[in-house]
Amino acid sequence: MQPKLNRLLRALAREGLEVTYDGRLYSVRLLGDANAPPAEVLLPPDLPVEGKAFQQLAHLAALKHPGGGEVLRVRATPDFHPGDSGVAIGSVLHTRGLVVPGAVGTDINCGMRLHVADLSVEDFLSRRDDFVERMKGHYFFGTRDVAMSSRASTALLRDGLPGWLLETLDTPLGCARGADLAQLDAEVDRVHLGGALHGNPSWAPDALTREGVVRDAGLATIGGGNHFVEVQRVEAVEDRARAWAWGVREGQLAFMIHSGSRDVGKHVGVAWRERTRKAWPQGAPFPESGILPLADEALVAGYLEAEATAANYAFLNRLLLAELLRQTLRELFGDVEAPLVYDVPHNLTLPYEGGWLARKGACPAGDGQPVIIPGSMGATSFLMVGCGDARSLESASHGAGRARSRFSMSRGGADHSEAALGLSGVDCISLRAERRVEEAPAAYKPIRPVVDSQVEAGIVREVARLAPLLTFKA
Ligand SMILES: Nc1nc2c(ncn2[C@@H]2O[C@H](COP(=O)(O)OP(=O)(O)OP(=O)(O)O)[C@@H](O)[C@H]2O)c(=O)[nH]1
Ligand SMILES: [Mn+2]
Ligand SMILES: [Mn+2]
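Residues numbered from 1 in each chain as written. Chains lettered and ligands numbered in written order. Predicted model: local features only at pLDDT ≥ 70, side-chain atom pairs only at ≥ 80, totals over all residues. Heavy atoms only, no water.

1. Let's talk about the overall build of the protein chain
Thought 1: Within the protein chain one finds 14 helices and 19 strands.
Thought 2: Against the globule reference of 23 Å for 474 residues, the protein chain gives a C-alpha radius of gyration of 22 Å, in line with a compact fold.
Thought 3: With the C-alpha coordinates aligned to their principal axes, the bounding extent of the protein chain is approximately 65 × 50 × 45 Å.
Thought 4: A burial count over the protein chain gives 58% of its 474 residues as buried.
Thought 5: Taking all contacts inside the protein chain whose residues are at least 6 apart in sequence as the whole, residues at least 24 apart take part in 78%. (Helix = DSSP H or I, 4+ residues; strand = E, 2+ residues; numbered from the N terminus. Rg over C-alpha atoms; globule rule 2.2 N^0.38 Å. Buried < 20%, exposed > 50% of the residue type's maximum accessible area, 1.4 Å probe, protein only. Contact = heavy atoms within 4.5 Å.)

Below you can see the structure in the form of structure tokens.
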């Protein structure tokens, strides 16, 4: 191990990085930048180390703005890997006096939502084909109706789920018509932050606030790539008391939803990438990484409001994805309830210790909070509880982490056998055949060491394990 590690550290040094490792935590900085705050990565020895991700992290820690503000600390979760836009997935950034739109990216408030249902796997599988056909219609072919009044849409974007619900109680349209609004009302409190941030509809695409009925084709769709809706079985419960309190029991069916703010996040993210670039002080050199912070108070406030607007939309998107699922369960199995366990964002900027915490692909892990860590469509996923660990900036991994790029999975010459891809026994429902390959279990890191390292570090504790039954990927 030792010689291999020394070789690795020397190789990183040749790339301009100063790296130390204590067997668990890497500490990374740009060579010669003694003033940069620490960037730490929790990574057990048996997980791959990616030079590019280390580099992205060190650049994030070295960010400065001529107008002031500072990066206080950077931390990465063990699922971390290089990001396409210059910021590593799994980065958590603590700042004061500046915010970094690129440290959240365009899929604002991408997150994980978990429901459980008292329905046996046998009963469920006996109607698997019916279920799949109906859900394909809803998720892929637009057979659903998710209309809302422009008043509900405006209230949602401004005040989040509670605002949407208030308007929907008066004028239930579309999906909400068949919903148990009292149940939704009770559940909204369980969503992280109550599903509400302070937004402003003027940041959203016009189509969402135009007078009348809003029919948004993107709402309640999963989105491409690694987003998914998965049916799982609660395979084992480790923390019985907590699981019970959260309504989770062994043998139940579970539904895990991974989706974000769709076109609204894109709209906000792209607009603010441009604004942030334009706001960079004239004459000041561009940071080498291309990642630009905002320091001007009014611009920071404007960005956070725009981010919140998209975040509110993402909360509703996940709620409606779940609602369609619930309605279909009722159609097929009668009076089945599928209550919410939790809904948690992993791409978001939130206030933290007098400054801001931007998470990009990291799950909040405050003391007692539910933490949802998916594995892959062929591996265990985990329901955990946060320990509020300050050293990790109260953040856990949001998955196992991609180990191989989509391109490397799908290129010719790669071994595409079911066994090599880890696809044996996997039930993946998608309209695109290549998804099965790009998103195969072999594309992701092993989930066990990712989870164990975070338990050992005192970041999370295990509550329950979930085994995949079938997975929808757009
Ligand atoms: N249970 C389950 N988990 C999955 C599936 N696909 C991906 N995951 C996990 O979900 C985690 C989070 O997904 P993303 O945020 O989209 O993936 P990521 O690791 O950030 O990867 P990129 O964004 O593509 O770089 C991944 O790291 C995987 O561990 C799936 O089909 N089922
Ligand atoms: Mn995500
Ligand atoms: Mn992600």
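There is more to say, and it comes next.
2. With respect to helix α1 (residues 2-14)
Thought 1: Counted at 1.5 Å a residue, the expected span for α1 with its 13 residues is 18 Å, and the 18 Å between its end C-alpha atoms agrees.
Thought 2: All of the buried residues in α1 are Leu5, Leu9 and Leu12. Each buried residue of α1 lies within a common arc of 60° when the element is viewed along its axis, so the set occupies one face. For α1, exposure combined with an orientation more than 90 degrees from the buried face picks out Pro3, Lys4, Arg7 and Arg14.
Thought 3: Those residues of α1 hidden inside the fold are in contact with β1 (17-21), β2 (25-30) and α2 (51-61). (Expected span 1.5 Å × (residues − 1). Arc of directions from axis to C-beta.)

3. Some points on the environment of threonine 154
Thought 1: Considering the arrangement of structural elements, one finds threonine 154 in helix α5 (residues 150-159).
Thought 2: Residue classification places threonine 154 among the partly exposed positions, given a relative accessible area of 22%.
Thought 3: Placed 298 residues apart in sequence, threonine 154 and aspartate 452 show a C-alpha to C-alpha distance of 43 Å.
Thought 4: If near-sequence neighbours (up to four positions away) are discounted, threonine 154 is found in contact with Pro201 and Thr209.

4. A few points about the coordination of the manganese ion (ligand 2)
Thought 1: For the manganese ion (ligand 2), the full set of protein donor atoms is Cys110 (SG), His258 (NE2) and His346 (NE2), at a range of 2.2 to 2.5 Å.
Thought 2: Spacing between the donor residues of the manganese ion (ligand 2) along their common chain follows C-x147-H-x87-H.
Thought 3: The distance between the manganese ion (ligand 2) and the manganese ion (ligand 3) is 3.5 Å. Taken together, the residues histidine 258 in strand β10 (residues 253-259) and histidine 346 in the loop between β11 (340-345) and β12 (347-352) connect sequence positions 88 residues apart.
Thought 4: Its relative accessible area of 6% is what places histidine 258 among the buried residues.
Thought 5: Exposure remark for histidine 346: the relative accessible area of 4% places this residue in the buried category. (Donors = N, O, S within 2.8 Å, 3.2 Å for Na, K, Ca; no water.)

5. A closer look at the site of ligand 1
Thought 1: Around ligand 1 sit 22 residues, and of these His81, Asn226, Gly375, His398 and Ala400 come closest.
Thought 2: One of the backbone nitrogen or oxygen atoms of alanine 400 is found 2.7 Å away from an oxygen atom of ligand 1.
Thought 3: At 3.4 Å, a side-chain N or O of arginine 402 approaches an oxygen atom of ligand 1.
Thought 4: Burial of ligand 1 by the protein amounts to 92% of the accessible area it has alone, namely 620 Å².
Thought 5: Of the residues contributing to the shell around ligand 1, the split by class is seven nonpolar, ten polar and five charged. (Near = heavy atom within 4 Å. Polar contact = N/O pair within 3.5 Å; in protein donor to acceptor, adjacent residues only side chain to side chain. Areas by Shrake-Rupley, 256 points an atom, 1.4 Å probe, with all protein chains shown as cover. Nonpolar A, V, L, I, M, F, W, Y, C, P; charged D, E, K, R; others polar.)

6. What about helix α9 (residues 262-279)?
Counting along an α-helix, one turn takes 3.6 residues, and residues three or four places apart therefore face a common direction.
Thought 1: With 18 residues, α9 extends 26 Å between its outermost C-alpha atoms, agreeing within 8% with the 26 Å of an ideal straight helix rising 1.5 Å per residue.
Thought 2: Within the sequence span of α9, burial applies to Val264, Gly265, Val268, Gly269, Trp272 and Thr276. Axial view of α9: buried residues confined to an arc of 120°, hence all on one face. Facing away from the buried side of α9 by over 90 degrees, the exposed positions are Asp263, Lys266, Arg273 and Lys278.
Thought 3: Residues of α9 that are buried in the fold lie against α10 (297-333).

7. Thoughts on the packing of aromatic side chains
Thought 1: Applying the stated criterion across every chain, the model contains eleven aromatic pairs.
Thought 2: Measuring from centroid to centroid gives 5.6 Å for tryptophan 272 and tyrosine 303, while their planes differ by 70°, and the two rings are edge-to-face. Here tryptophan 272 is found in helix α9, whereas its partner tyrosine 303 is found in helix α10, with 31 residues between them in sequence.
Thought 3: Considering the side-chain rings of tryptophan 280 and phenylalanine 286, the 6.4 Å spacing of their centres and the 15° angle between planes classify their relative orientation as stacked.
Thought 4: Taking NZ or CZ as reference, arginine 249 lies 4.9 Å from the ring centre of tryptophan 244, over its face.
Thought 5: When the ring centre of tryptophan 272 is taken as origin, the NZ or CZ atom of arginine 275, which lies over that ring, is 5.0 Å away. (Phe/Tyr/Trp six-rings, centres within 6.5 Å; stacked < 30°, edge-to-face > 60°. Lys NZ or Arg CZ within 6 Å of the ring centre and 35° of its normal.)

8. Details of the pairing of strand β9 (residues 228-237)
Thought 1: The buried fraction of β9 is high, at eight of ten residues.
Thought 2: Pairing geometry for β9 and β10, over six bridges, is antiparallel. Pairing of valine 231 across the sheet is with phenylalanine 255, part of β10.
Thought 3: Taken together, the eight bridges between β9 and strand β19 (residues 460-472) define a ladder with antiparallel strand orientation. Bridged to valine 234 within β19 is leucine 466. (Pairing = 2+ DSSP bridges.)

9. Looking at a positive patch on the surface
Thought 1: On the surface, a cluster of positive charge is contributed by Lys4, Arg7, Arg10 and Arg14.
Thought 2: Examined against the element boundaries, arginine 10 turns out to sit in helix α1. (Patch = residues over 30% accessible without salt bridge, like charges linked within 9 Å, V, L, I, M, F, W, Y side chains within 5 Å. Salt bridge = Lys/Arg side-chain N within 4 Å of Asp/Glu carboxyl O. Lys, Arg positive; Asp, Glu negative; His and termini not counted. Charge placed at Lys NZ, Arg CZ, Asp CG, Glu CD.)

10. Thoughts on the pattern of salt bridges
Thought 1: Scanning all chains against the criterion turns up 30 salt bridges.
Thought 2: A salt bridge links aspartate 130 to arginine 127; its shortest N-O distance comes to 2.7 Å.
Thought 3: Two residues, glutamate 274 and arginine 277, come together in a salt bridge whose shortest N-O distance is 3.0 Å. One end of the pair is glutamate 274 and the other is arginine 277, both in helix α9 and three residues apart, which spans about a single turn.
Thought 4: Judged by its relative accessible area of 34%, glutamate 274 falls in the partly exposed class.
Thought 5: Through salt bridges with shared partners, a single network forms among Glu238, Arg448, Asp452, Glu462 and Arg465.

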